[in-house]
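# Observations on the model geometry
As a plain string of letters, each chain reads:
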Amino acid sequence: MSAFCFSAVLFAYVLAAVFLFSEIRAGMVVGIGVAVFSACLGVWSLRTGRINWPARLFIVVTIFGATAVALINGGADGHVAPFLIVAPVAAGYFLGARSSIIFGGMAVACVVGLFFAESYGLVIESPFEPTEIRAAAALVLIASIVLAVITSGFFASHTSLHSVEIEHSRALLTSMADVAGVGGWELDFQTMQPVWTDQTRIIHEVDDDFVPDFETAVAFYAPPARAQIEAAVKKCIDDGAPFDVELPMVTAKGRNIWVRSVGRRVSENGAPVKLIGAFQDITRQKEEKESLAAALKTADQALSDLTAYQTALDQNAIVAITDAKGLISFVNDKFCEISGYSREELMGSDHNILNSGAHPKKFFVEMWRTIGKGRPWNGEICNRAKCGRIYWVDSTIIPIRGPAGEIQRYVSIRYDITDRVSYARELEKRRIEAEAANISKSQFLATMSHEIRTPMNGVMGMLELILQDDLPAEQERRALIAQESAKNLLTIINDVLDFSKIEAGQIEVETIPFNPRELIDRAVALMSTRADEKGLDLKFEMGEGIPQWLTGDPTRITQVLINLIGNALKFTEDGHVLVSAAYEKRKGKGCLKVSVEDTGIGIPEGEQDKLFERFVQADPTTTRKYGGSGLGLAISRQLADLMGGDIGVTNTPGGGSTFWFTVQAEPSTASEDRRKQVRSSVGVDSPKGPLKILVAEDNIVNQQIMEAFLRMAGHTAKVVNNGEEAVAAVQEAAFDIILMDVQMPVMDGVAAAKAIRALASSISDIPIIAVTANAMADDRETYLACGMNDYLSKPVQSAALFEVINRVSVRKLYQLADTG
């Protein structure tokens, strides 16, 4: 409402006064209506608060003017009612609601009083003439209008200026709110209709024409936060408690954000009417706050860890800091404790104070060269304490550079490793002792092998020669028993030597092509004679899907298989022994599985695992009844392990047991051995005609046995007593093969073989077969490396002798065929 509007109201009052001089009742009605209207204007003015000093001056003049008219009229004429209404109207406009109500009440009281005064005849006639009264009233009205016009112009300009200032302030506040990202809101208690500023709508990501209500405004908050904001608003409405909360919400576009909502209650005339507040998107601040909190937590944890590390370091590590020249500037308590020097003695000293003299000068030169280039250095240093005690430390030296890149100091962290060094030295000593013991063991085994096999060669050789003669039945039986006993003794000796060689790591597994059917057939055929002697049925079943050729170590597979078949035959009195083979995949690798099933004595469940331990049999009485060393299965298990397999046993339903073993064996593309191809092309399977063989042997009994075996085969033999005589003999006469004993006086077999290979080409290529009682793993390689062609171990049996002679002779023919 402007000053112009107020002047128009005054003009309406003047007109009403002019036409209502004689109509007191109409004047009272107009007066009451205007009084009510002035009260409403008072309420409006309370909200706007637009009051200034010219307006207040105007209302004071108007009040005095109306009072003067009333006094002049004697207070008894209803014509003065419109003038009384001027006071509450002006008060409502300029002084606020309270003034409007007070002055309006006074005006109504005056009008009502005049009505009752007239009704009861209490109206006092004015001493003035009506014309005088009209003139006075006119003068008052004119003065009021003039004053209203004068003040309204000033008020209008002042109000306009004030409105511009208000609008400028509002624009400034809006801009600041937009820059700060702060929106405003208002909630009227009567309508519960929220009002949002543009920035609040932007934060909610809604359209400009979006009209919220209380429920939708709350629905923007995340579900867990809705109850919290509702409770805060209710408490603010009921108790007037302002709130300032940070809550998660979801915008209209589905974006999750954090907002800060601030609100307070506004009251009028002591009654709460609305809530006003601010609204701000604090997502970034929240994230930064959370990041800062996480960083602080990490920093606190790091500080705590650093403290713990420092404590642990001080308790266990020897720490020192030196300047660039190596002078000590800091040491911890552990350094003082282990060195025996006080901190005062160490500060400013050189590290040479701890030099024990155990390291050469070059050691420290290399250390200083490394750290001088800015690189860390680590090594073990022997130091000397103040008391003279020697101690070892594992030292790490770290160079620390300054701002310009120059090395300012060195940090050294050391750990006492004296016990570890002592332990390592003790271990090295024990290792050397163990290696020496292993060498001694190997030497002992070699010696024992030679010393035992040499007389065994005489025993078994002579028994074989005796059995070649026509003997009476009883003598032949006795000779056979002696021969079988000798074989059993040799088996035990071989088992012990094999086990010792495995423990010493002197057995290596080959990987060559072999035919599994032929390998198992040969093993079964070899043991068939023993099965026939006991009246047992020894059979072999080949499973389906087994490749024709596999890769592995056929010699060791045969050894394990013969061991299992021999045990089955030994512990089976009647029935059968069934050998079966199968091929399967285990963990992506090919595996050959061979099983030996018997109908023998069986094995108790609790004793099965013990069978594969060395020197153990299922029942102590077994050794007394069946004999054996108890090493066969232990050796078989170790051989199976070396070949990437396993071994085990299960009881067979109805009696007996089934032993099985597996070995890794991948399929091979080999079809035939090249030697068979050469043999077929040359057309020879054995040497033709008698051979002239040189036998170099120092033992007379062995000489006789070897010579007798060779004569039985139709060969000619010349015997010499040592290697020197063998070298002389090949230079005097031509020989097809040399049987060379290894251990001989004057010149041993190895030296003799090397000497022969050094002779003229017509002599140097004579095949040489090593005949020895040594049976260790590296013996064969040693003999072949010195120029020998094959290997024959003692005790020598005729079959083995003829086999190696034929093998070497055929190989010689192959070489001739290849070169021819």
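Heads up: these notes are all about the structure in this document.

## Quick word on the overall build of the protein
Counting secondary structure elements, the protein contains 26 helices and 22 strands. Residue burial in the protein is summarised as follows: out of 820 residues, 40% are buried. On the protein, roughly 44,200 Å² of surface is accessible, and the fraction owed to carbon and sulfur atoms is 57%.

## A look at unusual backbone geometry
Backbone phi values are negative for most residues with the exception of glycine, while trans is the configuration of most peptide bonds. Cis geometry is found at the peptide bond from Lys-794 to Pro-795, where omega equals 0°. Even without a glycine there, the phi angle at Glu-205 is positive, about 60°. Within the secondary structure, Glu-205 sits in the loop between helix 7 (198-204) and helix 8 (214-219). A positive phi angle is found at Val-746, which is not glycine, with a value near 70°.

## Observations concerning the sheet that holds strand 21 (residues 768-772)
If you walk across this open sheet you meet the five strands as 19-18-20-21-22, and the pairing is parallel. Only two strands of the sheet have a single partner each, and these edge strands are strand 19 (716-720) and strand 22 (790-793). Sheet twist, expressed as the average angle between the axes of neighbouring strands with direction ignored, equals 20°. Two strands pair when backbone bridges link them, and strand 18 (residues 692-696) and strand 19 are joined in this way by five bridges, in the parallel orientation. Note that in strand 19 the partner of Ala-696 across the bridge is Val-720. Its contacts with the sheet put helix 21 (residues 700-712) on strand 18, strand 19, strand 20 (737-741) and strand 21, and the angle it makes with strand 19 is roughly 165°. This element, helix 23 (residues 749-757), spans strand 20 and strand 21 of the sheet and lies at about 150° to strand 20.

## Observations regarding a negative patch on the surface
There is a patch of like negative charges on the surface, built from Asp-198, Asp-207, Asp-208 and Asp-209. Considering the arrangement of structural elements, one finds Asp-208 in the loop between helix 7 and helix 8.

## Things to note about the packing of aromatic side chains
As enumerated under the stated definition, the model contains eight aromatic pairs in all. An aromatic cluster of at least three residues, connected via ring pairs, comprises Trp-196, Phe-210 and Phe-220. Against the face of Trp-258 rests Lys-286, its NZ or CZ located 4.2 Å from the ring centre. Just above the ring of Trp-660 sits the side chain of Lys-593; from NZ or CZ to the centre is 5.1 Å.

Definitions and limits used
Residues numbered from 1 in each chain as written. Predicted model: local features only at pLDDT ≥ 70, side-chain atom pairs only at ≥ 80, totals over all residues. Heavy atoms only, no water. Helix = DSSP H or I, 4+ residues; strand = E, 2+ residues; numbered from the N terminus. Buried < 20%, exposed > 50% of the residue type's maximum accessible area, 1.4 Å probe, protein only. Areas by Shrake-Rupley, 256 points an atom, 1.4 Å probe, with all protein chains shown as cover. Pairing = 2+ DSSP bridges. Axes fitted to C-alpha atoms, helices over the stretch in contact; angles between N-to-C directions. Contact = heavy atoms within 4.5 Å. Patch = residues over 30% accessible without salt bridge, like charges linked within 9 Å, V, L, I, M, F, W, Y side chains within 5 Å. Salt bridge = Lys/Arg side-chain N within 4 Å of Asp/Glu carboxyl O. Lys, Arg positive; Asp, Glu negative; His and termini not counted. Charge placed at Lys NZ, Arg CZ, Asp CG, Glu CD. Phe/Tyr/Trp six-rings, centres within 6.5 Å; stacked < 30°, edge-to-face > 60°. Lys NZ or Arg CZ within 6 Å of the ring centre and 35° of its normal.

Keep in mind these numbers describe shape, not what the thing actually does.
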